[in-house]
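Spelled out, the chains give:
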Amino acid sequence: MGDESFFMGGAWRGVGLWRQTALACGLLAGLAVHTASAADCPGHPNALGTSRTLVVDPREHPRIGTMQYPETLPLADHEVVLTFDDGPLPRNSNKVLDILAAECVKATFFTIGEMARFSPEGVRKLLAADHTIGTHTQTHPLSMNRMPTERAKQEIDDGIASTKAALGDNADALAPFFRIPGLLRADNVEDYLAEQGIQVWSADFLADDWRHISSARVYDLAISRLEAKGRGILLLHDIQARTVAALPRILETLKARGYRIVHVVPATAERPATPTEPQEWQLHPSPEAVAQWPQVPNFVFANLGNLPAPARSDFDEAEQTTSLLQTSFSRPSWPQPPEPAPENAMPTLVAPASSLFELQGGLDVARHGAALSHRARMASVAHEADSKRLSPREARRANSRQGRLAHAGGRQARRAAANVSRQNAPSATATRRGPVKRMVQVRKRRV
Ligand SMILES: [Zn+2]
């Protein structure tokens, strides 16, 4: 169903007009936004806290996250935005909320519509704790990169409608933020979201917490990838027990290493966007990372568009195995940092630090090589697409590689959501406890 009310009924309406007025009056720079610092965390004097609130206008920056897009949030060095997908699943989501509350940390949650229908109280808890709530489709399909537009719209609209229904009278609190399941982006999906004024959130780094790995590994990946970039959007899953287990130590380490949590909220009529400069929306690679990149023919990054830029985890175990057999572990063809940019070029290079993929142990080292080679191929595909203006078929083929990205509890979340659907069907006779048990069983089978 359509969801025109999303922007017609809430505070979101009129942002543009208000913005113009505010700009005209020169007010933006002087407007303070509430922040909850560690000092404001009652009963937790040593809490990590939330250092500031960043107000963003989705219409000015419709797509963010350097894993896939040229832009990301305008964060300073050592600033981190935490995001949690696929909930709410009370058993684990409530623990995540408790952990965040103990540190007075504010995050962004991307809810699945079916999960919100099953646990509306879980959505209301997010609001009560002053977290930002975005959406993540109705049923978590891992096919939005090849889905008919009308069906994709339905997934988006229904996910929003279900989450707003859970929020009830506070439906206006839903942020126009959206994350595509599996990060399986497509032009038609992004175009529709942009038309609706909804911001697409990719990520700057993952912690692979949907995979069958230990919580210690989740911690290691979260911290090492953050350290490699120095700032950015971390994608986690509040439905995962391993994430619950890893989160306290992640927050503890962020605090110990001087990282600061930024809470992101959408601009509204009463709350203008935080003033920023365009270049702040580009994530600069560290000088150390740039120095380590091998020299290869320079690419022209003008009109880079939204071509996928996968991370190490962009391929599944089967492909890793294949790659291990086929890959010689020579250094990959990393793109060279750009020469001083031509006038029409992107101001900065969007490329990950090689240290992003550095892992311990023999097998992981081998996978590292495979990942880098895969990454190098993807860089080449992206470059070709950019320089040749690929045909639609070629572009689809390139994009299908991106389609392997296995984020999000992916299949697990989709199964859980589908399971909830079945359990909630009119013919279902299960008690409310039934779906939870089923979801736990599904998770155990999956992981
Ligand atoms: Zn997801």
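Per chain, the residues get numbers from 1 upward, laid out in the order the sequence is written. Selection of residues for local features in this predicted model requires a pLDDT of at least 70, selection of side-chain atom pairs for listing and counting requires 80 or more, and totals for whole chains, interfaces and linings are taken over all residues. Values shown for side chains rest on all heavy atoms present in the structure; no hydrogens or waters enter the calculation.

### Re the overall build of the protein
In step 1: A run of DSSP states H or I qualifies as a helix once it reaches four residues; a run of E qualifies as a strand once it reaches two. Both are numbered from the N-terminal end. Looking only at helices and strands, the protein has 15 helices and 10 strands in total.
In step 2: Per-residue accessibility, obtained with a 1.4 Å probe over protein chains only, is compared with the maximum for each type, and a residue is labelled buried under 20%, exposed over 50%, and partly exposed between these values. Here the protein holds 447 residues, and 57% of them are scored as buried.
In step 3: Pairs of residues are marked as contacts when any of their non-hydrogen atoms sit within 4.5 Å. Sequence separation of 24 or more characterises 81% of the internal contacts of the protein that already satisfy a separation of 6 or more.
In step 4: The protein chains shown are the only cover counted for residues, whose accessible areas, like all others here, come from Shrake-Rupley with a 1.4 Å probe. Here the protein has roughly 19,200 Å² of accessible surface; of this, 52% comes from carbon and sulfur atoms.

### Overview of helix α9 (residues 241-256)
Counting along an α-helix, one turn takes 3.6 residues, and residues three or four places apart therefore face a common direction.
In step 1: In this model, α9 (16 residues) spans 24 Å end to end at C-alpha, consistent with the 22 Å of a helix rising 1.5 Å per residue.
In step 2: The quantity called bend is, for any residue, the angle between two axes fitted respectively to the seven residues ending at it and the seven beginning at it. L247 marks the point of greatest bend in α9, at about 35°, and the proline P248 comes within the next four residues.
In step 3: Taken as a whole, α9 has its buried residues at R242, T243, V244, A246, L247, I250, L251, T253 and L254.
In step 4: Looking at the buried side of α9, the elements it contacts are β3 (79-85), α3 (90-102), α8 (215-229), β9 (232-237) and β10 (260-266).
In step 5: Of the residues flanking the end of α9, it is G258, one or two places downstream, whose phi is positive at about 80°. In this scheme, a helix's expected span is set at 1.5 Å multiplied by one less than its residue total.

### Quick notes on the packing of α3 against α9
In step 1: Axis lines are fitted through C-alpha atoms, for helices just across the contact stretch, and the angle between N-to-C directions can take any value from 0 to 180 degrees. It is the contact of α3 with α9, at a shortest axis distance of 9 Å, that shows an interaxial angle of 5°. The pairing of α3 with α9 is recorded here as roughly parallel in orientation. Where α3 approaches α9, its residues N92, K95, V96, I99 and L100 are matched on the opposing element by A241, V244, L247, P248 and L251. For classification purposes, angles smaller than 35 degrees are called roughly parallel, those larger than 145 roughly antiparallel, those between 65 and 115 roughly perpendicular, and all remaining angles oblique.

### Some words on the environment of A207
In step 1: Here A207 is to be found in the loop between β8 (205-206) and α8.
In step 2: Taking the C-alpha atoms as reference points, A207 and S224, separated by 17 residues in sequence, lie 9.3 Å from one another.
In step 3: Residues in contact with A207, not counting those within four places in the same chain, are I213, V218, L221, A222, R225, L234, L235 and L236.

### Considerations on the state of the cysteines
In step 1: When two cysteine sulfur atoms are found within 2.5 Å, that pair is recorded as a disulfide. What the rule picks out here adds up to one disulfide.
In step 2: Disulfide pairing places C41 opposite C104 at an S-S distance of 2.1 Å. On the S-S bond that ties C41 to C104, the torsion sits near 90°, and the link is right-handed. Pair noted here: C41 is in the loop between α2 (15-25) and β1 (52-56) and C104 is in the loop between α3 and β4 (108-111), with a separation of 63 residues, a long-range link. Residues C41 and C104 agree in their burial class; the two are buried.

### So, helix α6 (residues 149-167)
In step 1: Counted at 1.5 Å a residue, the expected span for α6 with its 19 residues is 27 Å, and the 27 Å between its end C-alpha atoms agrees.
In step 2: Turning to α6, its buried residues number three or more, namely A152, E155, I156, D157, D158, G159, I160, S162, T163, K164, A166 and L167.

### Some remarks on the side chain of R185
In step 1: Along the polypeptide, R185 turns up in the loop between β6 (177-178) and α7 (187-195).
In step 2: A polar contact of 2.7 Å, which involves the side chain of R185, links it to the side chain of E190. Side-chain atoms alone can form a polar contact between residues adjacent in sequence; in general such a contact is a pair of N or O atoms within 3.5 Å, and within protein one must be able to donate a hydrogen while the other accepts it.

### Some points on the pairing of β3
When a strand is regular, its side chains alternate between the sheet's two faces.
In step 1: For β3, the buried fraction is high: seven of the seven residues fall into the buried class.
In step 2: Judged by which residues are buried, β3 turns out to be covered on both faces: E79, V81, T83 and D85 on one side and V80, L82 and F84 on the other are all buried.
In step 3: By definition, two strands form a pair when at least two bridges between them are found by DSSP. Relative to β10, β3 runs parallel, the two being bridged by two bridges. Counterpart to E79 in the pairing with β10 is R260.
In step 4: In this sheet, β9 lies alongside β3 in parallel orientation, the contact comprising six bridges. Bridging from a neighbouring strand, V81 pairs with I233 of β9.
In step 5: With three bridges joining them, β3 and β4 adopt parallel strand pairing. Its bridge partner being in β4, F84 is matched across the sheet by F109.
In step 6: Handedness of a crossover is defined as follows: with both strands directed away from the viewer, a clockwise route from the first strand across the helix to the second makes it right-handed. For the crossover from β3 across α3 to β4, the handedness is right-handed.

### Thoughts on the coordination of the zinc ion
Put simply, a metal with four donors set out as a tetrahedron has ideal angles of 109.5 degrees, and one with six donors set out as an octahedron has ideal angles of 90 or 180 degrees.
In step 1: Note that water is not among the atoms considered, so a metal site may appear incomplete; the donors listed are N, O and S atoms within 2.8 Å of the metal, with 3.2 Å applied to Na, K and Ca. Protein-derived coordination of the zinc ion comes from D86 (OD), H136 (NE2) and H140 (NE2), at a distance range of 2.0 to 2.1 Å.
In step 2: Taken in sequence order, the residues that donate to the zinc ion follow the motif D-x49-H-x3-H. With D86 in the loop between β3 and α3 and H140 in the loop between β5 (132-135) and α6, this residue pair connects regions lying 54 residues apart in the sequence.
In step 3: For D86, a relative accessible area of 0% translates into the label buried.

### Focus on the packing of α8 against α9
A pair of packed helices can be characterised by two numbers: the angle between their axes and the separation between those axes.
In step 1: The interhelical angle for the contact between α8 and α9, taken along N-to-C directions, is 40°, at an axis separation of 8 Å. By the angle between their axes, α8 is oblique relative to α9. Considering only the axes of α8 and α9, their crossing is right-handed. Contacts from S215, V218, Y219, A222, I223 and L226 in α8 reach R242, A245, A246, R249, I250, T253 and L254 in α9.
In step 2: Residue classes in the contact of α8 with α9 are distributed as nine nonpolar, two polar and two charged. Crossings are classed by handedness, with left-handed meaning an anticlockwise turn of the near helix from the far one by less than a right angle and right-handed meaning a clockwise turn. Just so you know the grouping, Ala, Val, Leu, Ile, Met, Phe, Trp, Tyr, Cys and Pro go in nonpolar, Asp, Glu, Lys and Arg go in charged, and all remaining residues, Gly too, go in polar.

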